[in-house]
Amino acid sequence: MTEAAGYGAVVWSQFRRNRPAVFGLWCIGALALLAVYAPLLSLDQPLLWRGAEGLEFPLFRALFNRLLFENAVDVFFNLLLVLSPIYAVVYRAAWPRVGRLRVLGALALFHFAAFAALAPERIGPFANPLHGSARIVDFEAPGAEAADAPFAIFPLRPYSYRETDPARSVRPPSSEHWFGTDKEGRDVFARMLYGTRISLTIGVVAVAIYVTIGVVLGALAGYFGGWVDSAISRLIEVMICFPTFFLILTLAALVQERSIFHVMVIIGVTGWTGVARLIRAEFLKHKNLEYAQAARALGLRRRRIIFRHILPNAIAPVLVTATFGIASAILIESSLSFLGVGDITVPSWGAILNSGRLEGKLWLIVAPGAAIFFMVSAFNLVGEALRDALDPKLRV
Amino acid sequence: MRAYVIRRLLIMIPTFVGISLVLFLVLNLAPGRPGAAQQGTDLAADIRGERTQESYRIFREQFHLDKPVLFNTRFALDAGEVGDAVRTAAGVVPASAADRIRAQEQLENFGYYAVPHLVEVVREADAAGAQRVRDVAAYFLRLNARRPLVDPFDPDPSPALKARNRAIDLENARVRELRYSLEDPEERKREVVAAWTAWYEERRADWEYDRFDVLRILTLETRFAAYWRNLLRLDFGVSLVSREPVVTTLLHKVRYSLSLSVTSLLLAYLISIPLGIYSAVFKDTRSDRSLTVSLFMLYSLPSFFAATLLLYFFSSGSDYESLRVFPTGGWRSRDAMAMTSLQQIRDVAWHLALPVLCLTYGSLAALSRYMRTGLLDVIRSDYVRTARAKGLSEWRVIGKHAVRNGLLPILTLLGGLLPAILGGSVIIEYIFGIPGMGLWVVESIYQRDYNAIMAIQLFSTLLVLFGLLLTDLSYALVDPRIRYE
């Protein structure tokens, strides 16, 4: 290793030596791709359709049809699906000149802005053009092949995750339904696929919430000390003593209109103590180091010193907590759905598993269980490797 | 050391009160109402008859649900608010059926505080000839002017208490007489209204509050204060569903949960200590690595998935006849009472095998990892090198000298693990139908049994508090360098 290698590069080279962790990282990437491109893999709307009115692309219209995709999570991912080629081009064009993190950050900001602007049904006085038609056009899936059947290209599987059909209730896996169907006759493969979106979103958003809370409170406590520190430390001590899972369960069950966002917020506001303690300890260590003193001597504002000078040096251990936190948030959400207190409108893996338990059908148990296991282990592997890579004792 | 423990115990008190406040607020401010589940749906509650309405009123009074949650500002009720509620309840202003029910409930909840305003409404309506409003206000006046008995369930009341309650009873009887039915002639109704006025003038002092009264009502006449008054007498209340004292049920249920979690904890230690020693001794060999990886895989395996799979294959409901080894759930067989005690133990063990397995395997990874690092730290130390230099066999060096000190770090984990396992057993008890605390909390949440949920959460808070204290103390016990002054 050359002397000039930065901290990030050192950690990265340590991380890369850990083969299982790199594998885990690839798995997370693959799951994210599945989440983004789920509609191309399973949707009951054809990609290409040549009927009486000429050539059509119903799938892209369907992506923002509220009857097919009601949930904001789906809107977010569908928007990402549509815009991803543009993002790729921008990234390719900008990267060598601008820092990688900057490009990605700017793209993410842009995407959030686009999502916030396009998610509501009305934009100002105008109806949102992306919301598409308010009805689902029933296209004939391939299979019923008549001579005059219109030319159509469907996604890999022609099922949407909400399409129920009492006639095909609880069918075992077949060439038609790869993972079988559930009690309502919905295609389990489609539900599993779209469930990836739910799990990833839950993990990332819940952890983002509690990392934000934890970082702000921990930084304040560590930097200012005195009564601020003792007040925040008392708060942390009280929060630690909460019977967290019971609290989450109660909150989730008592919320009246259960939505996936409630679950995220609940996990977020109950989980921040670990991050706050870490950041507080780091700030105690860093606030009197030379670089912090230098920043103070330059007369910089406190906010700048805290967030631009000390925080980047103190944030590394939080990465480990956050990675493990994503895994545990995914587990908590699936436990809640398993207990039947989750959001019933979204295709949560935990809910599928519970339906499998109630129906006593193996295909409804194995697919979601294995998926949860797979995703949780991927995040745990990465977290474990990050911890080892960040641990200076192990560095050579 | 003793001073430290006492200080910690003292700090626990405000922490506990704070937590109970937050839990109480969460439960009581959540939408939906308790008791609605047992009375059918909310819609059914809306069209329920007079008698069930009366019983629901008594139910609310009994569980203090008629009181405000945290602050009672009813000493400052104003006539306009009460009048609006009366008019809505009477249906003389346009309002939905649900709004009318809500207004009625609100009037009932105002209780004694609303009496002067109700009298005023009655008088005004009478003067203005608004008969419907007057009749409704008089109805609620009669309800609200009644006063509850003091400590009605005291099994051994003192003479003073008896006398007080008798006086309240007499007063209530008098209030009860001040009534008229809608068919009565107008003169009779006017008579009753006049009697109400006279009654009110007589006891006007009841509603003149001085500063202390205001403070008392504001903070003490509330749901939270009522709850804590009972809590100080170690009374967790009565289940809103089964009407049994919550503590009795809790003590009953806790036995199942604790035996489940303690067994699994013991088992976890018994398995992970040898595993940790093994991987420390054979550090970085292939077997160490594969052990770590497989334990890590187990750690990532969701327990509810494992439990469901195990039940699918090995329970008596399994599709595979040769694999039907274990029961589908529960604590013991139905005919367990007829067995000898040895058979009973075997029966319980047979029922608990799968749940304990599911609860245990997840903690193996962390525990054995701690054991491994603990032992590795010790093995590098000087006294172990000395022991080796003395020519002791490797077995004696590790087994007698190193392991004892290497054990210390994982013993300190014990305090923190107990509450965690208790929380984790919610889902296991749910799947296997074990009638412990975890299953109970899920049931209580579904039924909005506030007292039960509070009791369970406060109990587990206590467990966490003592677990943390125990952890901190065990650091000092185990490592003499750590001292608490």
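Residues numbered from 1 in each chain as written. Chains lettered and ligands numbered in written order. Predicted model: local features only at pLDDT ≥ 70, side-chain atom pairs only at ≥ 80, totals over all residues. Heavy atoms only, no water.

1. Structural notes on the sheet that holds strand 5 (residues 151–153) of chain A
Residue and element names in this part refer to chain A. The three strands are arranged 2-1-5 in an open sheet whose pairing can be described as antiparallel. Edge strands, defined here as strands with exactly one partner in the open sheet, are strand 2 (54–56) and strand 5. Direction aside, neighbouring strands of the sheet carry axes that sit 15 degrees apart on average. Examined bridge by bridge, strand 1 (residues 48–51) and strand 2 share three bridges and lie antiparallel to one another. The residue of strand 2 that forms the bridge with Arg50 is Leu55. (Pairing = 2+ DSSP bridges. Helix = DSSP H or I, 4+ residues; strand = E, 2+ residues; numbered from the N terminus. Axes fitted to C-alpha atoms, helices over the stretch in contact; angles between N-to-C directions.)

2. Let's talk about the pattern of salt bridges
Using the criterion set out here, one finds 29 salt bridges over all chains in the structure. Salt-bridge contacts for A:Asp165 lead to A:Arg168; the nearest nitrogen and oxygen are separated by 4.0 Å. Classification of A:Arg168 as buried rests on a relative accessible area of 10%. Between B:Arg134 and B:Glu186 there is a salt bridge, with its nearest N and O atoms 3.0 Å apart. Taken together, the residues B:Arg134 in helix 7 (residues 131–145) and B:Glu186 in helix 9 (residues 186–202) connect sequence positions 52 residues apart. We classify B:Arg134 as buried; its relative accessible area is 1%. Residues participating in the shared-partner salt-bridge network are B:Asp126, B:Arg134, B:Asp135, B:Glu186 and B:Lys189. (Salt bridge = Lys/Arg side-chain N within 4 Å of Asp/Glu carboxyl O. Buried < 20%, exposed > 50% of the residue type's maximum accessible area, 1.4 Å probe, protein only.)

3. Quick look at unusual backbone geometry
All names here are of chain B. Here the phi dihedral of Arg243 falls at roughly 60 degrees; this positive angle occurs in a residue that is not glycine. Relative to the helices and strands, Arg243 resides in the loop between helix 11 (223–232) and helix 12 (246–281). Non-glycine residue Asp284 carries a positive phi angle of around 65 degrees. Within the secondary structure, Asp284 sits in the loop between helix 12 and helix 13 (286–300). Taking the relative accessible area as the measure of exposure, Asp284 reaches 42% and is therefore partly exposed.

4. A closer look at the pairing of strand 1 of chain A
All names here are of chain A. In the sheet, strand 1 pairs with strand 5 via three bridges, with the strands oriented antiparallel. Bridge pairing in strand 5 places Trp49 opposite Ala152. Linking strand 1 to strand 2, which pair antiparallel, is a turn of two residues.

5. Some remarks on the confidence of the model for chain B
For residues with low pLDDT, the predicted coordinates do not support detailed interpretation. All names here are of chain B. The share of residues in chain B with pLDDT of 70 or more is 94%, and the mean pLDDT across the chain is 82. Of all secondary-structure elements in chain B, the lowest mean pLDDT belongs to helix 2 (residues 42–46), at 44, while helix 14 (residues 303–314) reaches the highest, 91. The low-confidence segment residues 36–48, where pLDDT is below 50, has 18 contacts with residues more than four positions distant or belonging to other chains. (pLDDT = per-residue confidence, 0-100. Contact = heavy atoms within 4.5 Å.)

6. Quick look at the nonpolar core
Among the nonpolar cores identified, the biggest contains 175 residues, and A:Leu249, A:Phe283 and B:Phe432 are the most heavily contacted of them. Here the element with the most residues in this core is helix 7 (residues 188–224) of chain A; it accounts for 18 residues. Composition of this core by domain shows at least three residues from each of domain 1 (36–145 + 178–232) and domain 2 (246–478) of chain B. Discounting residues that sit within four places of it in the chain, A:Phe283 has contacts with A:Ala219, A:Gly222, A:Tyr223, A:Ile306, A:Ile310, A:Leu311 and A:Ala314. Residues B:Leu77, B:Ala90, B:Leu107 and B:Ala145 belong to the second largest nonpolar core, which totals 36 residues. (Core = buried A, V, L, I, M, F, W, Y, C linked by side-chain atoms within 4.5 Å. Domains from an automatic or database assignment.)

7. Looking at the side chain of A:Lys287
Residue and element names in this part refer to chain A. Note on placement: Lys287 falls in the loop between helix 11 (273–286) and helix 12 (290–297). For the buried residue Lys287, which engages in no salt bridge, the nearest side chain bearing the opposite charge is Asp229, 7.1 Å off. A polar side-chain atom of Lys287 sits 3.3 Å from the main-chain carbonyl oxygen of Gly222. Here Lys287 is in contact with Gly222, Tyr223, Ala292, Arg296 and Ile310, once residues within four sequence places are set aside. (Lys, Arg positive; Asp, Glu negative; His and termini not counted. Polar contact = N/O pair within 3.5 Å; in protein donor to acceptor, adjacent residues only side chain to side chain.)

8. Some words on the interface of chain B and chain A
The partner chain A presents 39 residues to the 43 residues of chain B that form the contact. In this structure, the connection of chain B to chain A is made through one salt bridge. Among the salt bridges present, the one from A:Glu384 reaches B:Arg369, with a minimum N-O distance of 2.8 Å. Applying the counting criterion to the chain B and chain A interface returns six residue pairs in polar contact (both at pLDDT 80 or more). Those elements that place two or more of their residues in the side of chain B that touches chain A are helix 1 (2–29), helix 13, helix 14, helix 19 (414–432), helix 20 (437–447) and helix 21 (450–478) of chain B. For the side of chain B that touches chain A, the class distribution of residues is 33 nonpolar, eight polar and two charged. (Nonpolar A, V, L, I, M, F, W, Y, C, P; charged D, E, K, R; others polar.)

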